[in-house]
Every structure is written in C-alpha cells, then in structure tokens.
Amino acid sequence: MSRALLIVLDSVGIGGAPDAAEFGDAGADTLGHIAQACAAGRGDRAGLRAGRLTLPNLAALGLGLAAEGASGRMPPGLAPIGPVLGAYGHAVESARGKDTVSGHWEIAGVPVDFSWGHFPATRPAFPPELVQALIEEAGLPGILGDRHASGTAIIEELGAEHVRTGKPICYTSVDSVFQIAAHEAAFGLDRLYAVCAIARRLCDPYRIGRVIARPFLGDEGQGFTRTANRRDLAVPPPGDTLLDRLTAAGRPVVSVGKIGDIFAHRATGREIKPGGNDACLTAALDALATLAAGGFVFANLVEFDTEYGHRRDVPGYAAALERFDARVPEIRAALRPGDLCLVTADHGNDPTWAGTDHTREQVPVLAFGPDIAAGPLGRLDVAAIGRRVADHLGLSDPGSPDPSLAEPGPLA
C-alpha cells in the first residue's frame, strides 16, 4: 500500500483566479511578479540573494508550466530545461474567500459553501459588545488596536504601550480573523492562550474563522519580534475531510506546521509544530521516513506567507522559494516506489501588490513520485487535490471514480 505527502507552500499563488476582480485582485500573481521583479533587479538584497529567480527543480516538476497555464505567461527563468519530471496543473478555489482555512479545507475535500464573517475596515473594527465581553471575561484593563493592520507593523507601533498598560493588541484583516498579540514575558504566553480561548467562543456568533494568538518578545529599544508560539483557534470543518476519512480507516496521519490548528485538531493524528519552513520540511521528511504503508503526511510551510508575503518582501520571498527548491531533490529521494508527493498552495499573497493582505489567485498542483506519470493536468478544482490523495491511498468511493489527476496517465 502506498503513502502520500502533501506540502502546502502557504500563499504561493500563480496568477489571478477567474473571480480575482471581485476581490480587488485582478492582475495579482505572486510567483510571476516575484520572478519579474527578480529579473529586473528588484529581488536583490546584499547577503541574501541576487539576480533572476532560480528554481530549477520546481521548474523541472512543471511549476513554470503550471503558472503559464494559470496566467498565460511563463515567469522569467521558470521554463523547464529538459523533460518534465512531474504532473502539473493549476487549481481554482470555489470558496468565497482567500484565507488559509478556506484553502486548506477545500484541499482536504470540504469546500466552504457559506460566507465567513468579517470585521469592517473601520476604527474601531470590532463590535463594542464583543470587546466589552472580552475585557470582562478575560479580566483585561482594555485592548489596543481594534482595527485592520499588518501584524508586524501594529506590534512595532503599540508594543511598548502594551507592555506598559497590560492591554493586549487586537487587530484583524480582510480575512475572517480576530488576532491578539501580547508579549510572552510581560503578559504571559499561557495567559495569551487563555484570552484567545475566550475570544474564540465570543467570536462564534460572528462566524469568524480563526482567533490567532500572536506572541512576541523584545522591548522598545531593540524592537519587537514575533515568536514561533503562534496558535490558531479555528472552527472545525463542517464536513468530513480527507483527514477524517483517513483516521476512520485507521491510517496513520502526521500533521506538520499549523495543519493541526487549521483543522481544529480533529483527525490530525500526530502533530508536529516546529518553527520555520526548513524545520517543517525536515519534520515532514523525518515523519515520512518511518510512515507505515497507507499513511499520510500533511505539511504547511507558512513562512512564505507570514514572513514575506504580508510584509511585501520580494527578496525575502524569492530567497525562501529558492531554499525550498534546493530541497526538492531531497523530497524526491525520500519517496519510495508507490509513493505520491503533491505540492500546492492555499491562496496567493503577492508581495508586489497593494496593501498587506492575501490575493485571490489560482494555485499550483505538482504531483510526482517514482511511479507518477509526468505531463499536463490542465485546470482543476482545488478539491481535486484531496480526491487524488484519497484515491492514491485507496479511499475513493467505488461508486464515484475520480477523474482528477487520474492514473496511469496525466489528465490533458
């Protein structure tokens, strides 16, 4: 019985979705614009990287061809040299959002068919009754922020006042989120988690997808830095996901990165949550090395999104892509005969775009392994990714054969 590894490159979109204009994102293209910026010299940073975006291993798997299918343009430097080594396509999300939860749930077979609640881009952003209830139940002296903001920017702006007053920093974005930032030492990490648990319950009537704890350290003189102790409190998926089906079938499941948080820790098996892309990928490959037949490793690499996309950092994003590309041979070497690896994304976050929010984009679908036929898959729906994993692991409904990413040959 074969095994499967699914890696989500958080926010690595490859061109605007068909409905991108409805989200104000017509023309957004995370991968394409990074490649163009690097080719024009705007991706250079002393001591980090310089020159064109160089992703030879991902290009060989069909990443550039997938991007060309999504956007109509081959990103500079991403055309494969030699034969394509994987099956490649581009996928469109059906959910009415461009957030992490919607993207991951749909990847796992549960598209969001309802509208999330959102907080308006006003000051204040949160309903007064919600804020008052949080203050009273959590025993807070008040809150700071109460508006749409970039997490790193608002922590720099209000971190010192937070430490001085004990008021946590509460903010949101165009996503369905209520985020609470607090100093790990001055406020306390456990206390932050407890406040977020209260906020999670209070946000339920507003249909808010996630409450996120954003701990940080530092001081006013040296600056403040977010730590790896982030915690997402998500509502549970409204239906059975791929993870539920695997768990019900008794299959081993390993969740790496923030996967456990995204799925409300339901059917997420053994959870591993190291900090950073490299550590998460290493943990995923270590888990795969001892994974039993029929098992599944589900990994999210969040730094593309949090460290570079939201911060509109083109050189940083480009360097992170190149670091992942350099490890693709390691991923391929870890796959045994019969194994499947899928690399995809959950949404876009174009670092050349206006603002600091996600962008509504199509996502890559790269499928490879010792026995996976190479070639084009065309345009898919995002849920086809989870269906392909289920089919590969022998979980497909016998009465509903799945044509997406079909074996033995590629879908034209």
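(A) Examining the sheet that holds strand S11 (residues 296–301) more closely. Strand order in the open sheet formed by eight strands is S10-S9-S11-S1-S12-S13-S2-S14, with mixed pairing between adjacent strands. This sheet does not close on itself; its edge strands, each paired only once, are strand S10 (270–272) and strand S14 (375–381). Each strand axis lies, on average, 15 degrees off the axis of its neighbour in the sheet, ignoring direction. Where strand S2 (residues 87–92) meets strand S13 (residues 363–368), five bridges bridge the pair, whose relative direction is antiparallel. In the sheet register, Ala 87 faces S13, and the bridge partner there is Ala 367. In the packing of helix H14 (residues 383–392) onto the sheet, the strands contacted are strand S1 (4–9), S11, strand S12 (340–344), S13 and S14, and the crossing angle to S12 comes to about 170 degrees.

(B) Structural context of the packing of helix H1 (residues 30–39) against helix H12 (residues 314–326). Between H1 and H12, the shortest axis-to-axis distance is 10 Å and the interhelical angle comes to 105 degrees. With respect to H12, the axis of H1 lies roughly perpendicular. On the side of H1, the interface is formed by Thr 30, Leu 31, Ile 34, Ala 37 and Cys 38, while H12 contributes Val 314, Tyr 317, Ala 318 and Leu 321. Here the residues of the contact of H1 with H12 sort into eight nonpolar, one polar and no charged.

(C) Inspection of the packing of helix H5 (residues 128–138) against helix H7 (residues 184–203) at higher detail. Their axes nearest at 10 Å, the elements H5 and H7 cross at an angle of 145 degrees. Our pair here, H5 against H7, has a crossing hand that is right-handed. Residue-level contacts link Leu 130, Ala 133, Leu 134, Glu 137 and Ala 138 of H5 to Val 195, Ile 198, Ala 199, Arg 201, Leu 202 and Cys 203 of H7. By residue class, the composition of the contact of H5 with H7 is nine nonpolar, no polar and two charged.

(D) Geometry of the pattern of salt bridges. Per the counting criterion, the structure on display carries 21 salt bridges. Note that Asp 261 and Lys 273 form a salt bridge whose closest N and O atoms lie 2.5 Å from each other. Remark: Lys 273 occurs in the loop between S10 and helix H10 (277–289) and Asp 261 occurs in helix H9 (residues 259–262); sequence separation between them is 12 residues. With relative accessibility at 42%, the residue Lys 273 sits in the partly exposed group.

(E) A look at the side chain of Thr 268. Mapped onto the fold, Thr 268 is located in the loop between H9 and S10. Given the relative accessible area of 2%, Thr 268 is considered buried. Within the structure, the side chain of Thr 268 is placed 2.5 Å from the side chain of Glu 271, a separation counted as a polar contact. Not counting residues up to four positions away in its chain, the partners in contact with Thr 268 are Leu 243, Val 253, Val 254, Ser 255, Ile 259, Gly 260 and Phe 263.

Rules and cut-offs
- Residues numbered from 1 in each chain as written.
- Predicted model: local features only at pLDDT ≥ 70, side-chain atom pairs only at ≥ 80, totals over all residues.
- Heavy atoms only, no water.
- Pairing = 2+ DSSP bridges.
- Helix = DSSP H or I, 4+ residues; strand = E, 2+ residues; numbered from the N terminus.
- Axes fitted to C-alpha atoms, helices over the stretch in contact; angles between N-to-C directions.
- Contact = heavy atoms within 4.5 Å.
- Parallel < 35°, antiparallel > 145°, perpendicular 65-115°, else oblique.
- Nonpolar A, V, L, I, M, F, W, Y, C, P; charged D, E, K, R; others polar.
- Left-handed = near helix turned anticlockwise from the far one by under 90°.
- Salt bridge = Lys/Arg side-chain N within 4 Å of Asp/Glu carboxyl O.
- Buried < 20%, exposed > 50% of the residue type's maximum accessible area, 1.4 Å probe, protein only.
- Polar contact = N/O pair within 3.5 Å; in protein donor to acceptor, adjacent residues only side chain to side chain.

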